[in-house]
Each structure stands twice: as C-alpha cells, then as structure tokens.
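Chains, contacts and geometry: an overview
This is what each chain is made of:
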Amino acid sequence: MNKVLFAEDHSIVIRGMKILFEREFSSYQLEVVQNRTDMMNALKTKHYELAIIDLYLDDGDTLHLISTLLKLYPQLTVLIFSGNPEELYAQKLYAEGVKGYLSKQTNDEEIVSALKQLLEGKRYMSENFKKFLLAKKNTPETSIDKLTQREMEVLNLMVQGKRSSEICKELNLQASTMATYKVKLFNKLQVTNIIELSMALELYKGAL
C-alpha cells in the first residue's frame, strides 16, 4: 500500500486527517509522526508518496529542514500544512521545491482537491495565494519583502504576542541571537515597538 507521512503534533488535527484519508484516500496508508526526529527517521527507512508537514512540531520548527529534506529526497512530494499565513512563508518554500502549501483553516473540500492534485504528481497553489502573487507583482517591493526567511519567522511569532523566551524555544535560538533578530527587524522596518511592528505587517498585507 502506498504511504503518506503526516508530521503533526496536534491530536485534533491528526484525528481529522485520519478521518479524511479513511473516507477519501483509502488506498493510502497515513503514518503520523509528531516531531522532527521521528520525521527524519521515517523518511530514511520508508518510501512515501507524499509528506504533509507542519512548520512547527513538538521539538521545534521544521522550516529549516525543508531544503535539506528535499535535497536528500528529491522525488518526495512535500505539502506544508500550517496555521501560519501563506503570504509570509509559501513563496520561499515553493522556490525550495515544496509542491503545495495549505492553511489549517482550509475546508475539507479544498484539502481533498489539493491532495488529489499532489498525489497525481501535480503542484497545488490556493486561489488566495495566486491572488496574493498577482497583487505582489503589481506593487513595489517593500522592506518586508527583503526580510530573510528566519526574520519572517521571528516577525510572525512576535506579532502573535509570543515572548522572546518562547520564540527561542520554538526556533531553537540563543537569547542573544533572538535579541539580534529583534534589533534587525526594528531597524529594517523602521519601527520602535511591537505595536508598530504589527501595524507594519498589517499594512503590508492590506496593500496586496
């Protein structure tokens, strides 16, 4: 039986995906891992038609594993399934070789459609993200567009209200490194506090 790997650490999301596969993809075996270590071990020992990966797992973020993972397993189809906004992450992940990006707020119908396309060897891109790319193409590059992927991660977590200690744990950063990222973000976006940082991000989204 063909296998699909699901890297996810929230039980309700796991349960929902299992139900969806039993109903719509019964010819595929869904195997679940909840941390990065188990994910990499599973990929070493088994062949998967598709890997569905959350950007954050029990033992930290997977974002910086994606490019390595795709170099190690170039034939693997990867779908990112995340609660994090597409406009902050998807474009760079597509450039690295990811075949699809789905928000966890997506309805079942779209999830099924995306999975069918990916399992047929096609690429999937949501209509919202297509509109985002079109709008971005017609607007001047902003300071946020120039941020690195890691800076985007830190920015996203900061505007979610997470403390520096929480971000360090989630992204496996030293406190000094986190402080450096914070200074860089404030300087690059010309803001002085978290409120202004949040406003800059909202203005960026609203302009697209």
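For the structure given in this document, a descriptive report is provided here. (Residues numbered from 1 in each chain as written. Predicted model: local features only at pLDDT ≥ 70, side-chain atom pairs only at ≥ 80, totals over all residues. Heavy atoms only, no water.)

**Some points on the environment of alanine 90**
Test applied: A helix here means a DSSP run of H or I that spans at least four residues, while a strand means a run of E at least two residues long, and both kinds are numbered starting from the N terminus. Contacts between residues were defined by any pair of non-hydrogen atoms, one from each residue, lying within 4.5 Å.
For alanine 90, the position within the fold is in helix α4 (residues 86-96). Excluding anything up to four places from it in sequence, alanine 90 contacts Tyr101 and Phe129.

**A short note on unusual backbone geometry**
Leaving glycine aside, a negative phi is the common case for residues, and trans is the common case for peptide bonds. Positive phi is not limited to glycine here, since asparagine 172 has a value of about 55°. The residue asparagine 172 is located in the loop between α8 (164-171) and α9 (175-189) in this model. Of note, glutamine 190 is a non-glycine position whose phi angle comes to about 55°, a positive value. Within the secondary structure, glutamine 190 is located in the loop between α9 and α10 (194-206).

**Remarks on the packing of aromatic side chains**
Cut-off, in case you're wondering: Planes of paired rings set the category: under 30 degrees apart is stacked, over 60 is edge-to-face and the rest tilted, where pairs are Phe, Tyr or Trp rings (Trp by its six-membered ring) whose centres lie within 6.5 Å. Under the scheme applied here, a residue whose accessible area is under 20% of the maximum for its type counts as buried, over 50% as exposed, and between as partly exposed, the area being computed with a 1.4 Å probe on protein chains only.
Applying the stated criterion across every chain yields a total of 3 aromatic pairs. On the basis of an interplanar angle of 40° and a centroid distance of 5.2 Å, the ring pair of phenylalanine 21 and phenylalanine 25 is categorised as tilted. You can call phenylalanine 21 buried: its relative accessible area is 3%. Given the relative accessible area of 6%, phenylalanine 25 is considered buried. Plain terms: the ring middles of tyrosine 94 and phenylalanine 129 are 5.7 Å apart, the flat faces sit at 40° to each other, and that makes the pair tilted.

**Quick notes on the sheet that holds strand β1 (residues 2-7)**
Keep this limit in mind: Note on pairing: DSSP must find at least two bridges between two strands before they are called paired. All axes here are fitted lines through C-alpha atoms, helices being fitted over the stretch that makes contact, and every angle between N-to-C directions spans 0 to 180 degrees.
Spatial strand order, β2-β1-β3-β6-β7: 5 strands in an open sheet with parallel pairing. Two strands close off the open sheet at either side, each with one partner strand: β2 (28-33) and β7 (100-103). Strand-to-strand twist of the sheet, defined as the mean angle between neighbouring strand axes without regard to direction, takes the value 20°. The sheet contact formed by strand β3 (residues 50-53) and strand β6 (residues 77-82) spans 4 bridges and is parallel. Along β6, the bridge assignment pairs alanine 51 with valine 78. Lying on the sheet, helix α2 (residues 36-45) is in contact with β1, β2 and β3; it crosses β1 at an angle near 165°.

**Comments concerning the pattern of salt bridges**
To be explicit about the condition: By definition, a salt bridge exists where a carboxyl oxygen of Asp or Glu is found within 4 Å of a side-chain nitrogen of Lys or Arg.
For the structure on display, the rule yields 13 salt bridges. Between aspartate 61 and arginine 150 there is a salt bridge; the shortest N-O distance is 3.3 Å. With a gap of 89 residues between them, aspartate 61 in strand β5 (residues 60-61) and arginine 150 in helix α7 (residues 149-159) connect regions that are remote in the sequence. The exposure class of arginine 150 is buried, given its relative accessible area of 14%. Note that glutamate 120 is salt-bridged to lysine 122, the shortest N-O span being 3.3 Å. Its relative accessible area of 55% is what places glutamate 120 among the exposed residues. By relative accessible area, lysine 122 is classed as partly exposed at 46%.

**Looking at the packing of α4 against α7**
The condition that has to hold: Put simply, angles under 35 degrees are roughly parallel, angles over 145 are roughly antiparallel, angles from 65 to 115 are roughly perpendicular, and the rest are oblique. A clockwise turn of the near helix away from the far one marks a right-handed crossing, whereas an anticlockwise turn of less than a right angle marks a left-handed crossing. Think of it as three bins: nonpolar holds Ala, Val, Leu, Ile, Met, Phe, Trp, Tyr, Cys and Pro, charged holds Asp, Glu, Lys and Arg, and polar takes everything else, Gly as well.
Packing of α4 against α7 leaves a shortest axis separation of 10 Å and a crossing angle of 160°. With respect to their mutual orientation, α4 and α7 come out roughly antiparallel. You can see that α4 and α7 cross each other, and the crossing is left-handed. Across the interface between the two elements, Leu88, Tyr89 and Lys92 of α4 pack against Gln149, Met152, Glu153 and Asn156 of α7. Of the residues in the contact of α4 with α7, the class split is 3 nonpolar, 2 polar and 2 charged.

**Some details on the pairing of β1**
To be explicit about the condition: With its strands directed away from the observer, a crossover is right-handed exactly when the path from the first strand over the helix to the second travels clockwise.
In this structure, β1 lies alongside β2, joined through 6 bridges in parallel fashion. Within β2, the position partnered with alanine 7 by the bridge is valine 33. In this view, the connection linking β1 to its parallel neighbour β2 by way of helix α1 (residues 11-24) has right-handed handedness. Where β1 meets β3, 4 bridges bridge the pair, whose relative direction is parallel. Paired with phenylalanine 6 across the two strands is isoleucine 52, which belongs to β3.

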